[in-house]
Amino acid sequence: MRHIISILMENEAGALSRVAGLFSARGYNIESLTVAPTEDASMSRMTLVTSGSDTVIEQITKQLNKLVDVVKLIELSTGPHIEREMMLIKLEARGADREEFKRLSDIYGGRVIDVTDATYVIELTGRGDKLDAFIATVDETKIIEVVRTGSSGVARGARTLRL
């Protein structure tokens, strides 16, 4: 089962390495990982997506809580949450493809952010399945490059990850 763990941690050198090391030492896979400073420059928020049984995830969260850099964590996937991912996709866009890619971008709520005589770069934000659907819709021979951020998320309602 897919799990999203959001971690509030000290913004210090080596903190990311210690979290990644915890996963690799135990043979757990990280499907995606995003990290950035919060409104408090001394803290970073990490959103980590992994898969495993409830027992495995419980073990992971216990081990993460033992790390000195980890201040607090919540598992977003246990309750209502909002999850988004961003994708930049560079497409070969010539002739009739140009109008078709613009139309697809509009349908999926994307934006064409770069145009050359032979390419478009489209920015899309949404759930991972929406981004997957966009990629599936485009002729794979027209895809030059795909860059995705991985998931970021926040709990809905009163549930928060704050000190």
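Residues numbered from 1 in each chain as written. Predicted model: local features only at pLDDT ≥ 70, side-chain atom pairs only at ≥ 80, totals over all residues. Heavy atoms only, no water.

Novice: Help me out: how do you make sense of a nonpolar patch on the surface in this one?
Specialist: A cluster of nonpolar side chains, namely Leu16, Leu33 and Val35, defines an oily patch on the protein surface of about 210 Å² accessible area. The exposure class of leucine 33 is partly exposed, given its relative accessible area of 31%. (Patch = residues over 30% accessible without salt bridge, like charges linked within 9 Å, V, L, I, M, F, W, Y side chains within 5 Å. Areas by Shrake-Rupley, 256 points an atom, 1.4 Å probe, with all protein chains shown as cover. Salt bridge = Lys/Arg side-chain N within 4 Å of Asp/Glu carboxyl O. Buried < 20%, exposed > 50% of the residue type's maximum accessible area, 1.4 Å probe, protein only.)

Novice: Can you walk me through the nonpolar core in this structure?
Specialist: Of all hydrophobic cores here, the largest spans 15 residues; its most connected members are Ile7, Val19, Phe23 and Leu64. Contributions of two or more residues to this core are made by strand 1 (2–10), helix 1 (15–25), strand 3 (43–51), helix 2 (54–66) and strand 4 (70–75). By residue number, the principal contributor to this core is helix 1, which donates four residues. Ile89, Leu124, Leu131 and Phe134 belong to the second-largest nonpolar core, a separate cluster that totals 13 residues. (Core = buried A, V, L, I, M, F, W, Y, C linked by side-chain atoms within 4.5 Å. Helix = DSSP H or I, 4+ residues; strand = E, 2+ residues; numbered from the N terminus.)

Novice: Sorry if this is basic, but what is going on with the side chain of serine 105 here?
Specialist: Examined against the element boundaries, serine 105 turns out to sit in helix 3 (residues 96–107). Taking relative accessible area as the criterion, serine 105 reaches 1% and is therefore assigned buried. With residues up to four places along the chain from it excluded, the contact list for serine 105 reads Gly110, Arg111, Val112, Ile122 and Phe134. (Contact = heavy atoms within 4.5 Å.)

Novice: Could you clarify how one ought to interpret the side chain of threonine 47 in this entry?
Specialist: Tracing the backbone through its elements, the reader meets threonine 47 in strand 3. Beyond its immediate chain neighbours, meaning those up to four positions away, threonine 47 contacts Ile4, Ile5, Ser6, Ser32, Leu33, Thr34, Ser151, Ser152 and Gly153.

Novice: What is the right way to look at the pattern of salt bridges in this model?
Specialist: A side chain of one charge can pair with a side chain of the opposite charge if their charged atoms are brought near each other. On inspection of all chains with the given rule, the structure shows twelve salt bridges. Across the pair lysine 102 and aspartate 106 runs a salt bridge whose closest N-O atoms are separated by 2.9 Å. Separated by four residues within a single helix, lysine 102 and aspartate 106 lie in helix 3, roughly one turn from each other. Given a relative accessible area of 35%, lysine 102 falls into the partly exposed group. Look at aspartate 106 and you get partly exposed, because its relative accessible area is 45%. When the shortest N-O distance is used, the salt bridge between arginine 148 and aspartate 132 registers 2.7 Å. Here arginine 148, found in strand 8 (residues 143–148), pairs with aspartate 132, found in helix 4 (residues 128–137); they are 16 residues apart in sequence, far enough to count as distant.

Novice: In this structure, what is going on with the sheet that holds strand 4? I would like to understand it.
Specialist: By way of backbone hydrogen bonds, the strands of a sheet pair with one another, either parallel or antiparallel. Across the sheet, which stays open at both edges, the four strands sit in the order 2-3-1-4 with antiparallel pairing between neighbours. Unpaired on one side and paired on the other, strand 2 (30–37) and strand 4 mark the two borders of the sheet. Between one strand axis and the next, the sheet turns by 15° as a mean value, whatever way the strands run. Helix-sheet contacts for helix 1 involve strand 1, strand 2 and strand 3, and the interaxial angle to strand 3 is about 20°. (Pairing = 2+ DSSP bridges. Axes fitted to C-alpha atoms, helices over the stretch in contact; angles between N-to-C directions.)

Novice: I would appreciate a short explanation of the environment of valine 35 in the present structure.
Specialist: Checked against the element boundaries, valine 35 lands in strand 2. Overall, the relative accessible area of 39% leaves valine 35 in the partly exposed class. For valine 35 and lysine 72, which are 37 residues apart along the polypeptide, the C-alpha to C-alpha distance reads 15 Å. If near-sequence neighbours (up to four positions away) are discounted, valine 35 is found in contact with Leu16, Ser44, Arg45 and Met46.

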